[in-house]
Amino acid sequence: MYIVHSIFNVPVGKEDEVIDIYRKRSGLVDKAPGFINFQLLQNERKKGELTVQISWETKEDYLNWVTGEDYKRIHELEKKYPDKELASIVPKVKKYRVVAE
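The text that follows walks through the structure, step by step, so that each part is easy to find. Remember, predicted model here, so these are calculated numbers, not experimental data. (Residues numbered from 1 in each chain as written. Predicted model: local features only at pLDDT ≥ 70, side-chain atom pairs only at ≥ 80, totals over all residues. Heavy atoms only, no water.)

Moving on, we come to the pattern of salt bridges. One pass over the structure, following the stated rule, counts 6 salt bridges. Between lysine 14 and glutamate 85 there is a salt bridge whose closest N-O contact spans 3.0 Å. In this pair, lysine 14 sits in the loop between β1 (2-9) and α1 (15-23) while glutamate 85 sits in helix α4 (residues 84-87), placing the two residues 71 residues apart along the sequence. The exposure class assigned to glutamate 85 is partly exposed, which follows from its relative accessible area of 44%. With a closest N to O distance of 3.0 Å, lysine 24 and aspartate 20 form a salt bridge. Lysine 24 sits in the exposed class, given a relative accessible area of 62%. It is possible to trace a salt-bridge network through shared partners that takes in Lys14, Asp83 and Glu85. (Salt bridge = Lys/Arg side-chain N within 4 Å of Asp/Glu carboxyl O. Helix = DSSP H or I, 4+ residues; strand = E, 2+ residues; numbered from the N terminus. Buried < 20%, exposed > 50% of the residue type's maximum accessible area, 1.4 Å probe, protein only.)

Time to look at the pairing of strand β2 (residues 35-42). With 7 bridges connecting them, β2 and strand β3 (residues 49-56) associate as antiparallel partners. Opposite asparagine 37, over in β3, you have serine 55 as the bridge partner. (Pairing = 2+ DSSP bridges.)

Of all 8 residues that make up β1, 6 are buried, and the element is covered over most of its length. Pairing between β1 and β3: 8 bridges, direction antiparallel. Opposite asparagine 9, over in β3, you have glutamate 49 as the bridge partner. Pairing analysis gives 6 bridges linking β1 to strand β4 (residues 92-97), with the strands arranged antiparallel. Counterpart to isoleucine 7 in the pairing with β4 is lysine 92.

Here you go:
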C-alpha cells in the first residue's frame, strides 16, 4: 500500500470553509485504478492544519493518477478558486510506503 499526505495550513477562520469544500469534492479520485480511500484530517491542537490522506494499492497507481487528465483538471479548478488566499495555499506533500500492518 502507498499513502500520500498533503499537509497545509488554512488561514484562521477559514477552516470550516475548506472542510466543506472537501466534503463536497468531486470524487474523481475515488474512481481511479488502485484508489483505496480518501480522508481529510484536522490537527486537534492546530485547527488550521489540515491533511489530505489518500491511500493507494501501489505507488504506480498513485503516479498514474497524478499524471492523468482528471488530476490536472481538479488542480486547475483549485487555482481558480475565488478566495485568492485559499487558492494560493501550497501543501507539503509526504509519501509513504506501508511496510507493516
